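Working through the structure, step by step
Listed here are the chains, written in short residue letters.
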Amino acid sequence: MTALFASDPATARGRRFAEEESTFRSCFQRDRDRIIHASAFRRLKHKTQVFIEHEGDYYRTRLTHSIEVAQVARTISGALGLNAELTEAIALAHDLGHTPFGHTGEDALAALMAPYGGFDHNAQAIRIVTHLERHYAEFDGLNLTWETLEGLAKHNGPVTGEIPWALAACNAQIDLELHTHASAEAQVAAIADDVAYNHHDLHDGLRAELFSTDELAELPVLDRCFGRVDELYPGLNYYRRRHEALRRFFGVLVEDVIRFAQERLAGIGPQSVHDVRAAGRTVIRFSDEMFSDLKIIRAFLFERMYRAPSVVEMRAEVTDVVNGLFPLFMSHPDQLPKQWRKDVEEADTETALARIVSDYISGMTDRFALQEHERLIGLG
């Protein structure tokens, strides 16, 4: 049953450039399909979460992560009676703006871009879908609906304080009402992101042997999951045991979000999607108890995985790659591919050029960034 506060494609606010409606797909379905077919989406296959893309075939990439987020988001959306297509579109697009080398690459690029307005991956996702994807005859970008753009801009909550320049440029053309919360669908996409990475970072850390199964079994929530598996399947194979426990952990997170969202929605009683935006607080989130437990798990991962010596060493190496490529392209923009030359010719300030260089580097895959650094600078 569709909830009163679900986003309705029949009353969507439209696109910046008017288009004839599809005869068999809703506007949100078209958004989802355009995102899947976007070049930036395909490149997520070779962009990583924590580990460098070539380090192992089993580690999550931005693409597999985005697919997992979309799957979780559809599940939660369906349970709450929301629009699954809008939820899925936002979930699939939420990581489009990420740089190569995960958050390490973003930190390096943000530091280099500090004199030119900075870099923010959420704002970059907006820039990609409104400007950088250039395949359609009548417009730049994907010409997504207002609701999808709003979800990308505000899925983590209202945008307050200084607005990233890439988002401000979009908002000047399309008022996304940045001061309010986003739709329930966008909030679901945001919490699905948290569910997915809390789950798969544990998987990837185990596979990288940065911590043991026994250590995980001592953490909150996970202790109950392992205990239940041991009760049901005594003597279970090591790999099956940890998979069963992590599968249950995944389910516990999703169930907590659905239960707590139902409680909050019942308390607010929204009668429309506008009521969700005007609620003044996030409606879709973990319970306080689960949030506290996840803080302990994230602290464990921060210490044992994100700050592991092997990961720190890798972070230093890939930071050098980004730090080498940026000044090279600033000094020699002729080294940019031909399709970027027109943008370079129209760049009338150093800031404009820096933003073009940032667009190019942030769009690189891990593999391509390493290859370009080797070709143009050399690693020896």
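Preceding this paragraph is the structure being described.
Here is what the cut-offs are and how they apply
Residues numbered from 1 in each chain as written. Predicted model: local features only at pLDDT ≥ 70, side-chain atom pairs only at ≥ 80, totals over all residues. Heavy atoms only, no water. Phe/Tyr/Trp six-rings, centres within 6.5 Å; stacked < 30°, edge-to-face > 60°. Helix = DSSP H or I, 4+ residues; strand = E, 2+ residues; numbered from the N terminus. Buried < 20%, exposed > 50% of the residue type's maximum accessible area, 1.4 Å probe, protein only. Lys NZ or Arg CZ within 6 Å of the ring centre and 35° of its normal. Contact = heavy atoms within 4.5 Å. 1 Å grid on protein atoms, 1.4 Å probe; cavity = no way out; pocket = protein on both sides within 12 Å on 5 of 7 lines; lining within 4 Å. Points joined across faces, edges and corners; volume = space filled by probe spheres on them. Nonpolar A, V, L, I, M, F, W, Y, C, P; charged D, E, K, R; others polar. Salt bridge = Lys/Arg side-chain N within 4 Å of Asp/Glu carboxyl O.

Some details on the packing of aromatic side chains
Evaluation of the coordinates by the stated rule reveals 8 aromatic pairs. Taken together, a centroid distance of 5.4 Å and an interplanar angle of 80° make the contact between Phe-329 and Tyr-360 edge-to-face. With Phe-329 in helix 15 (residues 309-331) and Tyr-360 in helix 17 (residues 350-362), this residue pair connects regions lying 31 residues apart in the sequence. The pair Phe-329 / Tyr-360 is uniform in exposure class, with both members buried. Following the ring pairs from residue to residue traces out a cluster consisting of Phe-17, Tyr-136 and Phe-139. Across the ring face of Tyr-136, the terminal group of Arg-34 is positioned such that the distance to the ring centre comes to 5.2 Å. Between Arg-355 and the ring centre of Trp-165, over which it is positioned, the NZ or CZ distance is 3.9 Å.

Observations concerning the environment of Leu-219
Among the secondary structure elements, Leu-219 is positioned in the loop between helix 10 (213-216) and helix 11 (222-232). Each C-alpha atom, one on Leu-219 and one on Phe-300, is 8.6 Å from the other, the two residues being 81 residues apart in sequence. Excluding anything up to four places from it in sequence, Leu-219 contacts Ile-296, Ile-297 and Phe-300.

Notes on empty space enclosed by the protein
Summed over the entire model, instances satisfying the criterion amount to 2 cavities of 30 Å³ or more. By volume, the largest cavity is sized at about 100 Å³. Around the largest cavity sit Arg-16, Phe-17, Val-129, Thr-130, Asp-140, Asn-143, Leu-144, Leu-149, Cys-170, Gln-173 and Ile-174, which together line it. When residues of the lining of the largest cavity are traced back to their parent elements, those giving at least two are helix 6 (121-132) and helix 8 (165-173). Tallied by class, the residues present in the lining of the largest cavity amount to 6 nonpolar, 3 polar and 2 charged.

Some details on the pattern of salt bridges
Opposite charge on two side chains lets them pair, provided their charged atoms get close. Counted according to the given criterion, the structure contains 25 salt bridges. For Glu-88, the salt bridge is made with Arg-32, and the minimal N-O distance between the two is 3.3 Å. Here Glu-88, found in helix 4 (residues 84-93), pairs with Arg-32, found in helix 1 (residues 27-36); they are 56 residues apart in sequence, far enough to count as distant. We note that Glu-88, like Arg-32, is buried. One connected set of salt bridges, linked through shared partners, spans Arg-25, Arg-32, Asp-33, Arg-74 and Glu-88.

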